[in-house]
Amino acid sequence: MAEVDKLRVPDVVPSRRLLALLLAAGQEDRARTLASQSGAGVERLATALVDVDRRAEAIDLLRHHLDGLGREAAWEEFNLYMLLADLLVDAGRGAEALALCRSSEYWPERWVATRLARAGNLARLRAMADVGLIPAQRELAALLAERGQFAELEDRTRRGDEYAAKQLVVLGRTDLYEVASDRSRSGSK
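Residues numbered from 1 in each chain as written. Predicted model: local features only at pLDDT ≥ 70, side-chain atom pairs only at ≥ 80, totals over all residues. Heavy atoms only, no water.

**Details of unusual backbone geometry**
Here comes step 1: One non-glycine residue, aspartate 53, lies in positive phi territory at about 60°.
Here comes step 2: Mapping aspartate 53 onto the fold places it in the loop between helix 4 (39-51) and helix 5 (55-69).
Here comes step 3: Judged by its relative accessible area of 71%, aspartate 53 is exposed. (Helix = DSSP H or I, 4+ residues; strand = E, 2+ residues; numbered from the N terminus. Buried < 20%, exposed > 50% of the residue type's maximum accessible area, 1.4 Å probe, protein only.)

**Describing the packing of aromatic side chains**
Here comes step 1: If you walk through the whole model with that rule in mind, you get two aromatic pairs.
Here comes step 2: Seen from their ring centres, tyrosine 81 and tryptophan 107 are 5.6 Å apart, and the 20° between their planes marks the pair as stacked. With tyrosine 81 in helix 6 (residues 78-90) and tryptophan 107 in the loop between helix 7 (94-102) and helix 8 (108-119), this pair connects stretches of sequence that are 26 residues apart.
Here comes step 3: A relative accessible area of 0% means that tryptophan 107 is categorised as buried.
Here comes step 4: Between tryptophan 107 and tryptophan 111, the aromatic rings sit 6.3 Å apart at their centres with planes inclined by 75°, giving edge-to-face as the arrangement.
Here comes step 5: Three or more aromatic residues link up through ring pairs in this structure, and these residues are Tyr81, Trp107 and Trp111. (Phe/Tyr/Trp six-rings, centres within 6.5 Å; stacked < 30°, edge-to-face > 60°.)

**A few points about the pattern of salt bridges**
Here comes step 1: Applying the stated rule across the entire model yields 14 salt bridges.
Here comes step 2: A salt bridge links glutamate 96 to arginine 93; the shortest N-O distance between them is 2.7 Å.
Here comes step 3: The exposure class of glutamate 96 is partly exposed, given its relative accessible area of 30%.
Here comes step 4: The salt bridge partner of lysine 166 is glutamate 162, with a shortest N-O separation of 3.9 Å. Linking lysine 166 with glutamate 162, this pair stays in helix 12 (residues 162-170), spanning four residues, or about one helical turn.
Here comes step 5: We classify lysine 166 as partly exposed; its relative accessible area is 36%.
Here comes step 6: By relative accessible area, which is 29% here, glutamate 162 ends up partly exposed. (Salt bridge = Lys/Arg side-chain N within 4 Å of Asp/Glu carboxyl O.)

**A look at the packing of helix 4 against helix 6**
The description of two packed helices rests on the angle between their axes and on the distance between the axes.
Here comes step 1: Relative to each other, helix 4 and helix 6 sit at 20°, their axes nearing to 10 Å. In terms of their interaxial angle, helix 4 and helix 6 are classed as roughly parallel. The two elements helix 4 and helix 6 cross, and the hand of that crossing is left-handed. Contact with helix 4, carried on its side by Gly39, Val42, Glu43, Ala46, Thr47 and Val50, involves Asn79, Leu80, Leu83 and Leu87 of helix 6 and no other residues of that element. (Axes fitted to C-alpha atoms, helices over the stretch in contact; angles between N-to-C directions. Parallel < 35°, antiparallel > 145°, perpendicular 65-115°, else oblique. Left-handed = near helix turned anticlockwise from the far one by under 90°. Contact = heavy atoms within 4.5 Å.)

**With respect to the nonpolar core**
It is characteristic of soluble globular proteins that their nonpolar side chains tend to be buried jointly.
Here comes step 1: Within the largest apolar cluster, 32 residues are counted, with the highest numbers of intra-cluster contacts made by Leu45, Leu62 and Trp107.
Here comes step 2: No other element matches helix 6, which puts nine residues into this core.
Here comes step 3: Membership of the second largest hydrophobic core comes to 17 residues, among which are Ala117, Ala129, Leu144 and Ala164. (Core = buried A, V, L, I, M, F, W, Y, C linked by side-chain atoms within 4.5 Å.)

**So, a nonpolar patch on the surface**
Here comes step 1: A grouping of Phe150, Val170 and Leu171 is seen on the molecular surface, where their side chains present a nonpolar patch of about 290 Å² in accessible area.
Here comes step 2: As for its position among the elements, phenylalanine 150 is in helix 11 (residues 150-158). (Patch = residues over 30% accessible without salt bridge, like charges linked within 9 Å, V, L, I, M, F, W, Y side chains within 5 Å. Areas by Shrake-Rupley, 256 points an atom, 1.4 Å probe, with all protein chains shown as cover.)

Written out as structure tokens, the structure is:
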């Protein structure tokens, strides 16, 4: 494992694969040391732990890391918070995930929109998107495009939803994108 120690370069995040190999080789301390240097490393280690069916340890790792950062780091480490919330929900610990969401104003909207999209809950996404929540608009537009609901994308574009318009551009419908862009710039919905 001396080769791994040589790889320890400042600002270099170890890969998920390397961390998984270290875990498999019984080198957990070394994996934790390499991963602890950045939020991205911690995220990769937590994901590697999940890959080897050690979810509880991944949850503990994320909690420990985030508790050490404090509330002001919520914006910078929102991916870690979202991963932790996902793991808590998947482990049947929804109340803890909800408490985690309530502890921050920075990432919960994005996380909720992502979870609703994964569940295919168009009604809730529409409701969130219609009140102007950008993460919900993004997720709804992507889900509508994925499901082939082009008429709704066109309707939302005509009402000024630029994320719906962007999906239409991807689909080759640039004419409606101009309509949404003009409305977005003028502030009308």
